[in-house]
Amino acid sequence: MKQIKQRTRKVVPFTGEFYPDPEPTPVVNNAAAYLVIIASALVAGLSIGAISTYQSADQVQLREMKSQSQQLEKVKSQVCR
């Protein structure tokens, strides 16, 4: 005996409304979005590098030595009048 496969079909009632076919969405060029992301990552990396360089121990010591040198020059100018 052959078995016949029955296909089940779903019946959708017609409500009388016609919907227009959706228009195909235009292809978006994502190159500009990627460039913005890359540029922002570059700026963020540069700013983090600048902050870490500014706060490094060598730079802090150099700024302290410079301010001490300026104070010493002021004292020398006041004493040696």
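Below is a short write-up of the structure.

What counts and what doesn't
- Residues numbered from 1 in each chain as written.
- Predicted model: local features only at pLDDT ≥ 70, side-chain atom pairs only at ≥ 80, totals over all residues.
- Heavy atoms only, no water.
- Helix = DSSP H or I, 4+ residues; strand = E, 2+ residues; numbered from the N terminus.
- Buried < 20%, exposed > 50% of the residue type's maximum accessible area, 1.4 Å probe, protein only.
- Salt bridge = Lys/Arg side-chain N within 4 Å of Asp/Glu carboxyl O.
- Patch = residues over 30% accessible without salt bridge, like charges linked within 9 Å, V, L, I, M, F, W, Y side chains within 5 Å.
- Areas by Shrake-Rupley, 256 points an atom, 1.4 Å probe, with all protein chains shown as cover.
- Phe/Tyr/Trp six-rings, centres within 6.5 Å; stacked < 30°, edge-to-face > 60°.
- Lys NZ or Arg CZ within 6 Å of the ring centre and 35° of its normal.

Looking only at helices and strands, the chain has 2 helices and 0 strands in total. Expressed as a percentage of its 81 residues, the buried residues of the chain come to 0%.

Next up on the list: the pattern of salt bridges. All chains considered together, the criterion is met by 1 salt bridge. Put simply, glutamate 73 and lysine 76 hold a salt bridge, and the shortest N to O gap is 3.8 Å. Residue glutamate 73 and its partner lysine 76 are both found in helix H2 (residues 57-79); the two are separated by 3 residues, about one turn of the helix.

On the surface, a nonpolar cluster with roughly 350 Å² of combined accessible area is contributed by Tyr34, Ile37 and Ile38. Topologically, isoleucine 37 is positioned in helix H1 (residues 31-54).

Under the counting rule described, the total for this entry stands at 0 aromatic pairs. Directly above the ring of tyrosine 54 sits arginine 63, whose terminal nitrogen or CZ lies 3.9 Å from the centroid.

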